[in-house]
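Coordinate inspection notes
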Amino acid sequence: MPDSYFRYNLNMKPENTSILIIYTGGTIGMLEDPVKGTLKPLDFQKIMKHIPEIKGLGCRIESISFDPPIDSSDMDPSIWARLVEIIQEHYNDFDGFVILHGTDTMAYSASALSFMLDNLSKPVIFTGAQLPIGALRTDGKENLITSIFIAAARENGVALVPEVCIYFDSQLSRGNRTTKINAAHFNAFQSANYPYLARAGVHLVYNREFIRSPRQPGDLVVHKKLDNHIAILKLFPGINPEYMDAVLGYRNLRAVILETYGAGNAPSGLFFLKRIKQAVDKGIIVLDITQCNRGSVEMGRYETSRHLLNAGVISGYDMTTEAATTKLMVLLAQNLEVKEIKMLLNKSLKGEITLP
Ligand code: ASP
């Protein structure tokens, strides 16, 4: 095994550490309503009853529960602000944080928190489940217990993974590199453009070469304000100019994520380019990301993306939609000039893009 890997025996208990579990909701804590047949959230104490093993881990575990817990389809920026507030308030009292969250928007929340928390030196691990914790074949138990191990993992007193991550189905990935790709199987998430940070098998093996550590550790800084005056314009052959006008004409629009084809390509027709250029000239930021889940935007490689470059569109490289959306929301809320925001969009702030 290369030096850059760190093998952590799963039988080693996370003793003498302290973990805060924040329970927001999601399938992990849901129960079937016998009348309606739909899944609805349980409270946290009921969830804990299903995992008595947690008491034997030897670490101090405390929890904060959303009341009521939510289905993550109801997630929004005000709840992200609440989450970072909770982390900030309890930052000095715990070694790591585990956030129980529905899978549907988990990749958005993990991306958002990665940009809302600066100088993070402790793990923030999102997890959840595809099957409720009370179900016989639940994946929630392993997901939660291993997330606690990861949130507690330290070497010489320093956290092994001081990042916002998602742990799911034996894989730990950087939150802002992750996308939900499967609604039916346990392997719900994928980090297509960045290596996994750890894998759990018989051992927990950390891929430490790819784990970020704070360059100049300082006090935690949190950004609670987000600006949601953004839009996502996904291209498709036959896109209607009126549809583009509706999206680009929305009042107070500040940024558009253009989901383009392949390496960042878009129609070269005047109807399209004229509208994009008009948006850029109005001061709207247009960010080019690809609809492909692997690979990167390479503006200028084809004629069809050179037009975009000339119109003032900027490259989002290999950023996920989730990372692009939340990075924009955080940057737009910071009273920065458009040109500064564009410059920061082209920088990897939290490991969200691979620069050429
Ligand atoms: N609808 C659920 C949620 O995201 C799905 C899940 O947890 O897997 O809250």
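Remember, it's a predicted structure, so these values are computed and weren't measured experimentally. (Residues numbered from 1 in each chain as written. Predicted model: local features only at pLDDT ≥ 70, side-chain atom pairs only at ≥ 80, totals over all residues. Heavy atoms only, no water.)

Here the second largest pocket is characterised by a volume of approximately 350 Å³. Around the second largest pocket sit 20 residues that line it, and Thr 179, Cys 292, Asn 293, Thr 320 and Thr 321 are the ones nearest its centre. Going through the elements one at a time, strand S20 (285-290) and helix H8 (321-332) are the ones with two or more residues in the lining of the second largest pocket. Residues belonging to the lining of the second largest pocket are distributed by class as follows: six nonpolar, nine polar and five charged. (1 Å grid on protein atoms, 1.4 Å probe; cavity = no way out; pocket = protein on both sides within 12 Å on 5 of 7 lines; lining within 4 Å. Points joined across faces, edges and corners; volume = space filled by probe spheres on them. Helix = DSSP H or I, 4+ residues; strand = E, 2+ residues; numbered from the N terminus. Nonpolar A, V, L, I, M, F, W, Y, C, P; charged D, E, K, R; others polar.)

With the rule as written, the count across this model stands at one cavity of 30 Å³ or more. Approximately 30 Å³ is the volume attributed to the largest cavity. Lining the largest cavity, in full, are Ile 166, Phe 168, Gln 171, Ser 173, Phe 189 and Tyr 196. Where the lining of the largest cavity is concerned, the elements lending two or more residues are strand S11 (164-168) and strand S12 (171-174). Partitioned by chemical class, the residues of the lining of the largest cavity number four nonpolar, two polar and no charged.

Moving on: unusual backbone geometry. With an omega of 0°, the peptide bond running from Asp 67 to Pro 68 counts as cis. Note that Pro 68 resides in strand S5 (residues 60-70). Phi is positive for Asn 119, which is not a glycine, with a value near 60°. Structurally, Asn 119 is set in the loop between strand S7 (117-118) and strand S8 (124-127). The exposure class assigned to Asn 119 is partly exposed, which follows from its relative accessible area of 29%. (Buried < 20%, exposed > 50% of the residue type's maximum accessible area, 1.4 Å probe, protein only.)

A word on the environment of Val 202. Here Val 202 lies in the loop between strand S15 (198-200) and strand S16 (203-207). Residue Val 202 is classed as exposed on the basis of its relative accessible area, which comes to 68%. C-alpha separation for the pair Val 202 and Pro 14, spaced 188 residues apart in sequence, amounts to 16 Å.

Around the ligand, the surrounding shell consists of Gly 26, Thr 27, Asp 71, Ser 72, Gly 102, Thr 103, Asp 104, Ala 129 and Gln 130. Contact distances for the ligand include 2.8 Å between an oxygen atom and a backbone N or O atom of Thr 27. With the chains in place, 91% of the 270 Å² that the ligand exposes on its own is no longer accessible. Each residue belonging to the shell around the ligand can be placed in one class, and the counts come to one nonpolar, six polar and two charged. (Near = heavy atom within 4 Å. Polar contact = N/O pair within 3.5 Å; in protein donor to acceptor, adjacent residues only side chain to side chain. Areas by Shrake-Rupley, 256 points an atom, 1.4 Å probe, with all protein chains shown as cover.)

Ranked by internal contacts, the top residues of the largest apolar core, which has 54 residues, are Ile 87, Leu 113, Leu 117, Val 124 and Phe 126. Ignoring sequence-local partners within four residues, the contact set of Phe 126 consists of Ile 99, His 101, Met 106, Ser 109, Ala 110, Leu 113, Val 164, Cys 165, Ile 166 and Tyr 167. (Core = buried A, V, L, I, M, F, W, Y, C linked by side-chain atoms within 4.5 Å. Contact = heavy atoms within 4.5 Å.)

Pairing analysis gives five bridges linking strand S18 (residues 230-234) to strand S19 (residues 255-260), with the strands arranged parallel. Residue Lys 234 lies in a different strand from S19, and its bridge partner there is Glu 259. (Pairing = 2+ DSSP bridges.)

What follows concerns the pattern of salt bridges. Here the structure, examined in full by the defined rule, presents 14 salt bridges. Close ionic contact of Asp 95 with Arg 154 constitutes a salt bridge, the shortest N to O distance being 3.5 Å. Taken as a pair, Asp 95 in the loop between helix H2 (77-90) and strand S6 (96-100) and Arg 154 in strand S9 (residues 154-155) lie far apart in primary sequence, 59 residues in all. By relative accessible area, which is 32% here, Arg 154 ends up partly exposed. Glu 352 is paired through a salt bridge with Lys 327; the nearest N and O atoms lie 2.5 Å apart. One end of the pair, Glu 352, is in the segment after helix H9 (338-345); the other, Lys 327, is in helix H8, and 25 residues separate them in sequence. By the burial criterion, Glu 352 is buried, and Lys 327 matches it. (Salt bridge = Lys/Arg side-chain N within 4 Å of Asp/Glu carboxyl O.)

Running from amino to carboxyl end, H2 crosses helix H3 (residues 106-116) at an angle of 55°, the nearest separation of the two axes being 10 Å. Our classification of the angle between H2 and H3 gives oblique. The two elements H2 and H3 meet at a crossing, and its hand is right-handed. Two secondary-structure elements touch here, H2 through Trp 80, Ala 81, Leu 83, Val 84 and Ile 87 and H3 through Tyr 108, Ser 109, Ala 112, Leu 113 and Met 116. Broken down by class, the residue content of the contact of H2 with H3 amounts to nine nonpolar, one polar and no charged. (Axes fitted to C-alpha atoms, helices over the stretch in contact; angles between N-to-C directions. Parallel < 35°, antiparallel > 145°, perpendicular 65-115°, else oblique. Left-handed = near helix turned anticlockwise from the far one by under 90°.)

Another point: H8. With 12 residues, H8 extends 16 Å from end C-alpha to end C-alpha; this agrees with the ideal 16 Å at 1.5 Å per step. The element H8 is largely enclosed, with a buried count of 12 among its 12 residues. Buried residues of H8: Thr 321, Glu 322, Ala 323, Ala 324, Thr 325, Thr 326, Lys 327, Leu 328, Met 329, Val 330, Leu 331 and Leu 332, and no others. (Expected span 1.5 Å × (residues − 1).)

Okay, the sheet that holds S20 next. Note: strands within a sheet are paired through backbone hydrogen bonds, in either parallel or antiparallel orientation. Here four strands make up an open sheet; going across it, the order is S18-S19-S20-S21 and the pairing parallel. Looking at which strands have only one partner, the edges of the open sheet turn out to be S18 and strand S21 (314-315). As defined by bridge partners, S19 adjoins S20 across six bridges and the pair is classed as parallel. Following the sheet pairing, Ala 255 is matched in S20 by Ile 285.

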